[in-house]
Amino acid sequence: MASTFDAWLRRRASERDRLGLTRRLHDADRGDPLLDLAGNDYLGLARHPLVIESAVAAARRFGAGAGASRLVSGTLSVHTELEDELAGFLGFEAALVCSTGYHANLATVQAVVDANTLVVSDAHVHASMIDAVRLARASVTVVAHNDLDGFRAALATRSQQRAVVLIETIYSVLGDQAPVVALASLCEEFDAILVADEAHAIGVVGPGGRGVLARSGLTDRRNVIATGTLSKSLGAQGGVVLGSRAVREHLVNHARPFIYDTALAPPAAGAARAALAILESSPDLPTRARKNAAALADACRVYAPAGAVLSVSMPGPTEALAAVASAAAAGVRIGCFRPPSTPDGVSRLRLTAHAHHTSAEIAVAVQVLEQLTHERLSLLGQPA
């Protein structure tokens with residue numbers, strides 16, 4: 001006899017299928033190889049020989065896993081060396097690495113928010129920031145995307161003693177940039193903290209790939225905290241929080257997602273160190289990624305993105321999935337976002353540019369995307 005839980009699962013599955021929102025896992029390494037315009041390995045470093053060798057060397061020296069949380073016996077020299085190198089490269093006083101970028105956001109928000117804090121969040125922030133606010137049980141005001149007037153109104157009328165503003169410097173869905181200088185000024189004016197997720201900026205924008213905050217001269221602000229990931233441009237795994245030494249010390253003592261989590265695996269830390277060294281010695285990599293992004297955007301007839309993420313709106317989830325399948329049949333892997341993954345409920349194709357793609361590969365991608373664009377515009381009733 002089916003349980004209530006089984007019946008509930010069937011109803012949820014049926015509803016997903018009806019709306020065209022069912023997601024399934026597929027082994028990306030099986031079948032014919034596809035030109036990847038969906039992954040976040042923006043600089044092509046995940047398979048770089050030096051990055052792989054550094055991961056192997058760390059595994060041999062420290063083991064496959066750290067074996068414990070950072071506050072027990074999990075902190076290793078590979079962690080502290082990586083933290084020093086990340087802070088130095090990105091222009092911050094201190095860094096703290098976590099097991100994932102998701103955990104970096106969870107740890108930061110949970111640790112800097114208390115009962116007397118208002119969180120003011122952009123409507124398009126990543127799910128990890130949304131979950132962090134829920135974990136902290138904080139009062140929150142959600143502001144329309146990049147709406148400076150909305151941020152000002154929320155900060156100016158707050159009753160709480162403290163305020164924290166949550167943004168992404170480059171947004172993972174639309175691929176646009178936050179007005180970070182204006183937001184940092186608002187935070188200064190209203191004595192608030194700015195927590196800015198640089199996951200899609202590090203390695204792609206800013207001087208030598210140092211990110212939006214470095215380009216904007218904000219890395220030395222005491223009221224600015226950055227988070228990021230080691231799994232995108234650095235081709236590894238893990239997350240990082242960047243700020244003052246006082247912020248780092250606070251997180252070590254108060255961030256539950258950091259305190260109770262097993263430390264970042266040594267091979268990932270070793271890989272990230274090598275990738276960071278390659279990025280520092282190859283400042284042309286970010287430029288190449290953005291150049292390729294501009295070519296893809298032109299093929300899709302959308303504005304060039306702020307970083308390497310392109311967003312192409314589709315009439316609905318079914319059409320988005322059909323476009324993904326059509327591209328795969330032509331040898332190109334693209335992604336798509338469908339509700340509830342999109343903050344505004346719009347289904348989109350999501351494409352990512354990579355520095356290591358050759359001009360010949362970009363030419364193939366452009367040809368496929370131009371055909372998809374023709375079909376998309378026809379569906380929308382617009383001139384193709």
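Treat the numbers as computed from the prediction; the structure is a model and nothing was measured. (Residues numbered from 1 in each chain as written. Predicted model: local features only at pLDDT ≥ 70, side-chain atom pairs only at ≥ 80, totals over all residues. Heavy atoms only, no water.)

(A) Local environment of unusual backbone geometry. In this chain, Pro 339 is followed by Pro 340 through a cis amide linkage whose omega measures 10°. Tracing the backbone shows Pro 340 in the loop between β10 (332–337) and β11 (348–352). A positive phi angle is found at Asp 191, which is not glycine, with a value near 55°. Using a relative accessible area of 63% as the deciding quantity, one classes Asp 191 as exposed. One non-glycine residue, Arg 301, adopts positive backbone phi at about 60°. (Helix = DSSP H or I, 4+ residues; strand = E, 2+ residues; numbered from the N terminus. Buried < 20%, exposed > 50% of the residue type's maximum accessible area, 1.4 Å probe, protein only.)

(B) Representation of the packing of aromatic side chains within the structure. Enumeration according to the criterion identifies 1 aromatic pair in this entry. Ring geometry for Phe 5 against Trp 8: centres 5.9 Å apart, planes inclined by 20°, an arrangement best described as stacked. Of this pair, Phe 5 and Trp 8 both sit in helix α1 (residues 4–19), 3 residues apart, which is roughly one turn of the helix. Assessed through its relative accessible area of 52%, Phe 5 is described here as exposed. Using a relative accessible area of 38% as the deciding quantity, one classes Trp 8 as partly exposed. (Phe/Tyr/Trp six-rings, centres within 6.5 Å; stacked < 30°, edge-to-face > 60°.)

(C) Highlighting the sheet that holds strand β1 (residues 35–37). Taken in spatial order, the 4 strands make up an open sheet running β1-β10-β11-β9, and their pairing is mixed. Here the strands that pair on one side only, and so sit at the sheet edges, are β1 and β9 (309–313). Along the sheet, successive strands turn relative to each other by an average axial angle of 30°, direction set aside. (Pairing = 2+ DSSP bridges. Axes fitted to C-alpha atoms, helices over the stretch in contact; angles between N-to-C directions.)

(D) How the structure looks around the nonpolar core. Ranked by internal contacts, the top residues of the largest apolar core, which has 90 residues, are Leu 86, Ile 167, Ile 334, Leu 349, Leu 351 and Leu 369. By residue number, the principal contributor to this core is helix α12 (residues 266–281), which donates 9 residues. Apart from the residues within four sequence positions on either side, Leu 86 is in contact with Ala 95, Val 97, Leu 230, Leu 234, Val 240, Leu 242 and Leu 276. Formed by 27 residues, the second largest nonpolar core is a distinct cluster that contains Val 112, Ala 138, Val 247 and Val 252. (Core = buried A, V, L, I, M, F, W, Y, C linked by side-chain atoms within 4.5 Å. Contact = heavy atoms within 4.5 Å.)

(E) Spatial organisation of the pairing of strand β6 (residues 193–197). With 4 of 5 residues buried, β6 lies mostly within the body of the structure. As paired elements, strand β5 (residues 162–168) and β6 share 5 bridges and run parallel to each other. Pairing of Leu 166 across the sheet is with Val 195, part of β6. The β-α-β motif built from β5, the intervening helix α8 (residues 180–189) and the parallel element β6 has right-handed crossover chirality. Here 4 bridges tie β6 to strand β7 (residues 224–229), and the two strands are oriented parallel to one another. By the bridge assignment for β7, Val 195 is matched with Ile 225. (Right-handed = clockwise from strand over helix to strand, strands pointing away.)

(F) Structural view of α1. Taking 1.5 Å per residue as the helical rise, α1 with its 16 residues ought to reach 22 Å, and the 23 Å between its terminal C-alpha atoms agrees with that figure. Of the residues one or two after α1, Gly 20 is the one with positive phi, at around 70°. (Expected span 1.5 Å × (residues − 1).)

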